[in-house]
Amino acid sequence: NMGQNSATGVAFTRNPNTGEKQLFGEYLRNAQGEDVVDGSSTPLNLSQLEIESPRLYEELYNTCQKLESEFKDMQDIEFTVEDGELFILQTRVGKRTVKSAIKIAFDLFQSGTITEEEMLMRINPKELPQLLHPVISKTSSLQKIGQGLGVSFGACKGLIALSIEKAIELANQNQSVILVRPETTAEDIEGMQVSNGLLTKFGGVTSHAAVVARSLGKTCVCSANFNINDEKKLIVFENGTQLTEGSELTIDGESGEIFVGNVVWEEPSGSKE
């Protein structure tokens, strides 16, 4: 946070939602690392860094490729820029959806980076049912009421919960739940675990909500334009739509779209991988 020539950010060496080989992440100028991941603000996409600072982007891109090559897996990298100079703070194996995990493992095998056995062992069998998650059919009679950032796989429909306690209460009634929060923190984990989907007002693709949702196999939309009236237990969307806690909502974790109305589900299509 030393001015506009300094920045902080998070970069994945591949897309954690789809597995595509591309630099994926976010950054903020004149900020500290926690400002990117705590969900209190919506950072800029790394594609913007390529426009603003081509030299810096190229250095970051090349460093990310070296790290992935060294560790032979997709990396989640935290970096900072101090007065125009790039520093890598840490790298670790990145959290991803099972759809992404399959593509990444397959691509690394195809390139000769890992063996066939390593490819197979990188897929958690318990996560495979996520691939059978239904998708929204175009025949659905839905009204779009909002738009956010799609940061996960699939779509889901559920009843709105504005608190962890309400999410647990609805889940105990065998209801599908969508937890709606300004942003999520580590203290929200119990409510996140029992919810089918997460919707947040703040945060980007590397925010707490996004990363945890992907690792838990939950549908998640971040950075959506709405306000919460805690006193009236009410959500007000940008287009004027008002929904009370307990109302039904549908979110699409890939497109970031938010809907009300009747959903028709269809079976997902498979991939070559």
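Keep in mind it's a predicted model, so treat the numbers as computed, not measured.

Asker: Summarise the pairing of strand β11 (residues 197–200); cite the residues concerned and give the values.
Answerer: The alternating pattern of β11 places Gly-197 and Leu-199 and Leu-198 and Thr-200 on opposite faces, both of which are buried. In this structure, strand β10 (residues 177–181) lies alongside β11, joined through four bridges in parallel fashion. When the bridges of β11 are listed, Leu-179 appears paired with Leu-198. Of the crossover connections in this fold, the one passing from β10 over helix α7 (residues 189–194) to the parallel β11 is right-handed.

Asker: Provide a residue-level description of the state of the cysteines, including the pertinent values.
Answerer: Counting across every chain of the model gives zero disulfides. Among the cysteines around Cys-220, which has no disulfide bond, Cys-222 carries the closest sulfur, lying 3.7 Å off.

Asker: Please give an account of the pattern of salt bridges that cites residues and values.
Answerer: The final tally for this structure, using the stated rule, is 13 salt bridges. Across the pair Glu-257 and Lys-144 runs a salt bridge whose closest N-O atoms are separated by 3.6 Å. Taken as a pair, Glu-257 in strand β17 (residues 257–262) and Lys-144 in strand β7 (residues 141–147) lie far apart in primary sequence, 113 residues in all. On the basis of relative accessible area, Lys-144 is assigned to the partly exposed category, the value being 41%. Where salt bridges share partners, they join Arg-14, Lys-21 and Glu-68 into one cluster.

Asker: Explain the layout of surface pockets to me, using residue names and the numbers behind them.
Answerer: By volume, the largest pocket amounts to about 630 Å³. Considering the residues around the largest pocket, the lining is formed by 25 residues, among which Lys-99, Leu-131, Glu-254, Pro-268 and Ser-269 are closest to the centre. Residue assignment for the lining of the largest pocket shows that the elements contributing at least two residues are α4 (98–110) and β6 (135–136). In terms of residue class, the lining of the largest pocket is made up of nine nonpolar, eight polar and eight charged. By volume, the second largest pocket is sized at about 230 Å³. Looking at the second largest pocket, the residues that line it are Asp-73, Val-93, Gly-94, Lys-95, Arg-96, Thr-97, Ala-101, Arg-122, Ile-123, Asn-124, Glu-127 and Ser-215. Looking at the lining of the second largest pocket residue by residue, the classes come out as three nonpolar, four polar and five charged.

Asker: Can you break down the sheet that holds strand β14 (residues 234–237) residue by residue, with the values?
Answerer: Sheet strands pair via backbone hydrogen bonds, and the direction of the pair is either parallel or antiparallel. Read across the sheet, three strands follow the order β13-β14-β15 without closing on themselves; strand pairing throughout is antiparallel. On the outer flanks of this sheet lie β13 (226–229) and β15 (242–244), each paired with one strand and no other. Looking at each pair of strands side by side, their axes are set apart by 20° on average, direction ignored.

Basis of the calculations
- In this convention, every chain numbers its residues from 1, walking through the sequence in written order.
- A pLDDT threshold of at least 70 governs which residues receive local features in this predicted model, and a stricter bar of 80 or more applies before side-chain atom pairs are shown or counted, although totals over entire chains, interfaces and linings include all residues.
- Each side-chain value is derived from all of the structure's non-hydrogen atoms; neither hydrogens nor water enter the calculation.
- Burial classes follow relative accessibility: with a 1.4 Å probe on protein chains only, a residue under 20% of its type's maximum area counts as buried, one over 50% as exposed, and anything between as partly exposed.
- Helix numbering and strand numbering both begin at the N terminus, where a helix is a DSSP run of H or I of at least 4 residues and a strand a DSSP run of E of at least 2.
- A pair of strands is labelled paired if DSSP reports no fewer than 2 bridges between them.
- Crossovers are described as right-handed under a simple rule: with the strands pointing away from the observer, the path leading from the first strand over the helix to the second runs clockwise.
- Put simply, a disulfide is two cysteine sulfurs that come within 2.5 Å.
- When a carboxyl oxygen of Asp or Glu lies within 4 Å of a side-chain nitrogen of Lys or Arg, that pair is called a salt bridge.
- Only protein atoms enter the 1 Å grid used here, on which a cavity is any set of points holding a 1.4 Å probe that cannot leave and a pocket is any open set flanked by protein within 12 Å on both sides along at least five of seven lines; residues with an atom within 4 Å of a point are listed as lining.
- Grid points are joined across faces, edges and corners, and a volume is the space filled by probe spheres set on the points.
- Basically, the charged four are Asp, Glu, Lys and Arg, the nonpolar ten are Ala, Val, Leu, Ile, Met, Phe, Trp, Tyr, Cys and Pro, and anything else, Gly included, counts as polar.
- Only C-alpha atoms enter the line fits that serve as axes; for helices the fit covers just the stretch in contact. Angles between N-to-C directions range over 0 to 180 degrees.

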